[in-house]
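Reading the structure
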Amino acid sequence: MNYKVPFVDYPTHYRRMEGEIDAAIKEILSNGDLILRNQLRQFEENIASFVGVTHAVGVNSGTDALHLSLLADRVGTGDEVVTVAHTFVATVAAIVHCGATPILVDVGEDFNMDMGQLEQAVSPQTKAIIPVHLNGRPCNMEKLMRIASEHNLIVIEDAAQALGASFDGQKAGSFGLAGCFSFYPAKILGGAGDGGVVVTNSGEIAEKICLLRDHGQQRNTGDILYYGFNSRLDNLQAAILNVKLRYLPRWIKRRRELATVYEEGLSGLPQIKTPPPPQQGCYFDVYTNYVVRAQERDRLVAHLRECGIEILISWPKPMHHHKALGLGHYRLPETERISKEVLSLPLNTEISNEQVEFVIESIRKFYIR
Ligand SMILES: Cc1ncc(COP(=O)(O)O)c(C=O)c1O
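Because the structure is a prediction, the values reported are computed rather than measured.

Thresholds applied
Residues numbered from 1 in each chain as written. Predicted model: local features only at pLDDT ≥ 70, side-chain atom pairs only at ≥ 80, totals over all residues. Heavy atoms only, no water. Pairing = 2+ DSSP bridges. Helix = DSSP H or I, 4+ residues; strand = E, 2+ residues; numbered from the N terminus. Contact = heavy atoms within 4.5 Å. Axes fitted to C-alpha atoms, helices over the stretch in contact; angles between N-to-C directions. Parallel < 35°, antiparallel > 145°, perpendicular 65-115°, else oblique. Left-handed = near helix turned anticlockwise from the far one by under 90°. Nonpolar A, V, L, I, M, F, W, Y, C, P; charged D, E, K, R; others polar. Phe/Tyr/Trp six-rings, centres within 6.5 Å; stacked < 30°, edge-to-face > 60°. Buried < 20%, exposed > 50% of the residue type's maximum accessible area, 1.4 Å probe, protein only. Lys NZ or Arg CZ within 6 Å of the ring centre and 35° of its normal. Near = heavy atom within 4 Å. Polar contact = N/O pair within 3.5 Å; in protein donor to acceptor, adjacent residues only side chain to side chain. Areas by Shrake-Rupley, 256 points an atom, 1.4 Å probe, with all protein chains shown as cover. Patch = residues over 30% accessible without salt bridge, like charges linked within 9 Å, V, L, I, M, F, W, Y side chains within 5 Å. Salt bridge = Lys/Arg side-chain N within 4 Å of Asp/Glu carboxyl O.

Strand order across the open sheet formed by three strands is 10-13-14, with antiparallel pairing between neighbours. Only two strands of the sheet have a single partner each, and these edge strands are strand 10 (272-273) and strand 14 (342-345). Note: strand 10 against strand 13 (residues 290-294), two bridges, orientation antiparallel. When the bridges of strand 13 are listed, K273 appears paired with R293. Helix-sheet contacts for helix 11 (residues 297-306) involve strand 10, strand 13 and strand 14, and the interaxial angle to strand 14 is about 25 degrees. Against the sheet, helix 12 (residues 333-341) engages strand 13 and strand 14, with an angle of about 95 degrees to strand 13.

Structural data, given as structure tokens:
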């Protein structure tokens, strides 16, 4: 369907940087620099400096960033890892694939981990916590890091949706032993396909992830130190991401402006609960997704789609209700409520203020009948 207001607009996004992206691709293909080359090293340096850490290792997805970080930190069988159910399944899959047990806790009103519940979930088997900075809003990292340090737990941040977000002036992804980002095309910094990165201040973790992503082999000696994976970030992707990273600060500014337009336009509608405003205390939100809670959600979504507005719902069924995952014993009331109420409105760097006004108008028309 051709939407009047698409959720993302990849062709227009590309056209804005067409010359630079084409030049970067041409240079790589002309030189044959395809795997583990200069553009990847440059991107790793650039993203480490953007997040404010000393090391970054490009991998093939956000999922692998999480999985390899857990493995590098020796999380495995017998260990428990506390995270949330209100996240993309990849967060939990990474824990399961290490042989560890996911312990799911509920979220608070801002869709992020409830710190009181985190504290209650810690047991003698707990080895790590994975906070998820959902929708571009950071978790309360002051509380989380205090709990982690009191119980001597590793923190691996799932910052897949939060590149550029910060808590108390410090960037998401830079608090824990490792921070994991995704460059899935719809993310705030999206590649031309899959990609991810692990950022860390630990040289040891960075070195281990470099080995794990490349079959466990030490390229200079030929020694194989682990059974590893093929999880390198392609040089071509790194070159495209290098071009886009330069635009990220202005994209973040635009996203925050648009969030304010939505917030003001939807204010006074008791049926809609907007997310917290762009600058709320210590929280600096980048609005990777603009998620509202709505009364009569499913009817509203149908109405908006009829108006030509593309809407996403993340996620209509709570993760612990998917039978195949074996998590059915959990009762997480807020997560369950959220799944019935949330919808993501289009918010991207290509959208015009008029399009956002049209979305607001269409929502108001639905409720004010
Ligand atoms: C919160 C969260 N965690 C992990 C991932 C996994 O990232 P990827 O799709 O790059 O594997 C995503 C991506 O959608 C995500 O949103």
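Two elements in contact, helix 2 (residues 18-31) and helix 9 (residues 235-245), have axes separated by 9 Å at closest approach and are oriented at 150 degrees. Taken together, the axis directions place helix 2 and helix 9 in an arrangement best described as roughly antiparallel. Here helix 2 and helix 9 pass one another in a crossing that is right-handed. Each of E20, I21, A24, I25, I28 and L29 in helix 2 lies in contact with helix 9, whose residues at this interface are N235, L236, A239, I240, V243 and K244. Among the residues forming the contact of helix 2 with helix 9, the class breakdown is nine nonpolar, one polar and two charged.

As a further point, take the packing of aromatic side chains. The full count for this structure, using the stated rule, is six aromatic pairs. Look at Y247 and W251: their rings are 5.7 Å apart centre to centre, the planes differ by 15 degrees, and that puts the pair in the stacked class. Per residue, the accessibility class of Y247 equals that of W251, and both read buried. When the ring of F366 is compared with that of Y367, the centres are 5.0 Å apart and the planes differ by 75 degrees; the resulting orientation is edge-to-face. Since its relative accessible area comes to 9%, Y367 is described here as buried. Put simply, the rings of Y262, Y287 and Y290 touch in pairs and so form one group of aromatic residues. The ring centre of F50 lies 4.2 Å from the NZ or CZ of K171, which sits over that ring.

Around the ligand there are 14 residues in total, and G62, T63, D158, S182 and K187 lie nearest to it. Between an oxygen atom of the ligand and a side-chain N or O atom of T63, the distance comes to 2.5 Å. Measuring from a nitrogen atom of the ligand, one finds a side-chain N or O atom of D158 at 2.7 Å. Taken by itself the ligand offers 390 Å² of open surface, and the protein chains cover 92% of this. Taken together, the elements giving at least two residues each to the shell around the ligand come down to helix 4 (62-72) and helix 5 (89-97). Taken together, the residues of the shell around the ligand sort by class into four nonpolar, eight polar and two charged.

So, about a nonpolar patch on the surface. A grouping of L29, L34 and I35 is seen on the molecular surface, where their side chains present a nonpolar patch of about 260 Å² in accessible area. Turning to its location among the elements, L29 is positioned in helix 2. The class of L29 is exposed, set by a relative accessible area of 52%.

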